[in-house]
Each structure stands twice: as structure tokens, then as C-alpha cells.
Amino acid sequence: GQQLNQSPQSMFIQEGEDVSMNCTSSSIFNTWLWYKQDPGEGPVLLIALYKAGELTSNGRLTAQFGITRKDSFLNISASIPSDVGIYFCAGPDPVNDYKLSFGAGTTVTVRA
Amino acid sequence: DSGVTQTPKHLITATGQRVTLRCSPRSGDLSVYWYQQSLDQGLQFLIQYYNGEERAKGNILERFSAQQFPDLHSELNLSSLELGDSALYFCASSIRLAGNEQFFGPGTRLTVL
């Protein structure tokens, strides 16, 4: 089963607002990945994190690798309508790192 | 565009039938992964191939099988289809054996009637 817990499950945000979501695990992860999925499309890799404490940005997106290695955070600044979608965290499965474990996703809806 | 291609985009079939989904990985990627995404299940890992060999298996049903060919493209075969097999099927690829930085294709939407 899934070992990553994402919160919130969904959010409605106002255009222009900053947004935060997080992902936690009971196991230590060596890599954290954040993906975005638009309806009917495949997940797109946004940010990859490889080191505890690492802070990485991709445009208006910023993600952090928690220092305990059991959590990660994604921030979206100045939301725009195209930020709508489902955001997934993922990481190599602690037992079998050939595969990724995915969180259940955070659904973001932007109010114009 | 991730560079991963999947065909067909949509597939509608009947229960009991067999279908084949096809995936071409990004140029240079040796690993191919298959995932199933249902409305209530999220992304579920099915199976991984690396350079033609099966490397990891998830909760893949015995009715499902996959292979990776010498040119590195992969096929997922689904047989004796049931209504519950209706889902999005994604292929992903990565350059490494271990499962990080996977790049996903656009998916195949399978509808079983």
C-alpha cells in the first residue's frame, strides 16, 4: 500500500494566493519527487530533491526536502488558473527502490 | 512533452477480451514502468522492466503481463478483461535501474463495457 500521506486532500484557492502542501512518510526517503497531473494527462515531473534540507525552485514552485527525511513541502506562489490539477509527491519505495511510491495527491482548484 | 509515447490514447472493449497497450520510452532510457490509475485507487505500480528484463513487480494481476523488446519499447497485455479493469494506464521511463525521476507518457484510457 501507499506509504506517503499528502495534505490537504484538496484546496480551493484565490488567484494570486500562495499555496502550501506537504507529504509525510513513516519511513525515511532518500529522494522526494513532486509531480503535477492535469485531467486526462500523464503526471509531469516538477521538482526532484535529493538531499535533506535541500530547497529547490522551478519558477513559482518551491519544494523542500525535510531534515528528518520523512517529509517534503511544495509551495506555489502567486497562483494562476493553470495551476489547477493534482499534485503528487513520490519517492523510491523504501523496501524496493526500483519503484516509486506515490501519495494520494492534493487537488488544487483556483477561483478566478 | 515528456518524450514517452503511448498508444492507443483510448481503447474501448468488452469484458472477456484481450488488449495490448504500447509504450516507447524516452530516447536513452532503459527502464520502463507501468502504472494503473483508477478513480479511487490513485497511481498503482504494476511492473518494471530494465533493458529487457523484468526487475520489479507490484500488485499486477495474473491476467496482466508485460514485456520489453530489444528496441526498448514495452507492451502491457491485459486479458480476460473485467469491468474493474477500466482505468488509465501509464507508462513511465527512466535512465536508471532504481526508481527515481520517472517521466510519464500521456496514458491509455481503457474502458471495459
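This text follows the structure it describes.
Since the model is a prediction, treat every value here as computed from it, not as a measurement. (Residues numbered from 1 in each chain as written. Chains lettered and ligands numbered in written order. Predicted model: local features only at pLDDT ≥ 70, side-chain atom pairs only at ≥ 80, totals over all residues. Heavy atoms only, no water.)

### A word on the overall build of chain B
- On a plain count of helices and strands, chain B comes out with 0 helices and 11 strands.
- With respect to the principal axes defined by its C-alpha atoms, chain B has extents near 35 × 30 × 25 Å.
- Buried positions account for 50% of the 113 residues belonging to chain B.
- Contacts in chain B between residues far apart in sequence, at least 24 positions, make up 55% of those at least 6 positions apart.
- About 5,300 Å² of surface is accessible on chain B, with carbon and sulfur atoms providing 48% of the total. (Helix = DSSP H or I, 4+ residues; strand = E, 2+ residues; numbered from the N terminus. Buried < 20%, exposed > 50% of the residue type's maximum accessible area, 1.4 Å probe, protein only. Contact = heavy atoms within 4.5 Å. Areas by Shrake-Rupley, 256 points an atom, 1.4 Å probe, with all protein chains shown as cover.)

### Some details on the packing of aromatic side chains
- Applying the stated criterion to the full structure yields 10 aromatic pairs over all chains.
- Note on A:Phe102 and B:Tyr35: the rings are 5.6 Å apart at their centroids and 85 degrees apart in plane angle, and the pair reads as edge-to-face. In this pair, A:Phe102 is assigned in strand S10 (residues 100-102) and B:Tyr35 in strand S4 (residues 31-38), connecting two distinct chains.
- For the pair B:Tyr35 and B:Phe45, a centre-to-centre distance of 5.8 Å together with 65 degrees between the ring planes defines the contact as edge-to-face. Here B:Phe45 lies in strand S5 (residues 42-50) and B:Tyr35 lies in strand S4, a separation of 10 residues in the sequence.
- A relative accessible area of 0% means that B:Tyr35 is categorised as buried.
- On the accessibility criterion, B:Phe45 (7% relative accessible area) is buried. (Phe/Tyr/Trp six-rings, centres within 6.5 Å; stacked < 30°, edge-to-face > 60°.)

### A look at the pairing of strand S9 (residues 87-94) of chain B
All names here are of chain B.
- Within S9, 8 of the 8 residues are buried, which leaves the element mostly enclosed by the surrounding structure.
- Going residue by residue along S9, you find Ala87, Tyr89, Cys91 and Ser93 tucked away on one face and Leu88, Phe90, Ala92 and Ser94 tucked away on the opposite face as well.
- Pairing of S4 with S9, which is carried by 7 bridges, proceeds in the antiparallel orientation. Looking at the pairing, glutamine 36 lines up with tyrosine 89 of S9.
- Where S9 meets strand S11 (residues 108-112), 3 bridges bridge the pair, whose relative direction is antiparallel. Bridge pairing in S11 links alanine 87 to leucine 110.
- The pairing of S9 with strand S10 (residues 103-104) spans 2 bridges and is antiparallel. (Pairing = 2+ DSSP bridges.)

### As for the sheet that holds strand S6 (residues 55-58) of chain A
All names here are of chain A.
- In space, the 5 strands of this open sheet follow the order S1-S3-S8-S7-S6, with antiparallel pairing throughout. The two strands at the open ends of the sheet, each matched to only one other strand, are strand S1 (4-7) and S6. On average, each strand axis in the sheet is inclined to that of its neighbour by 15 degrees, with strand direction left out of account.
- In this structure, strand S7 (residues 61-65) lies alongside strand S8 (residues 71-76), joined through 5 bridges in antiparallel fashion. Its bridge partner being in S8, glutamine 64 is matched across the sheet by phenylalanine 73. (Axes fitted to C-alpha atoms, helices over the stretch in contact; angles between N-to-C directions.)

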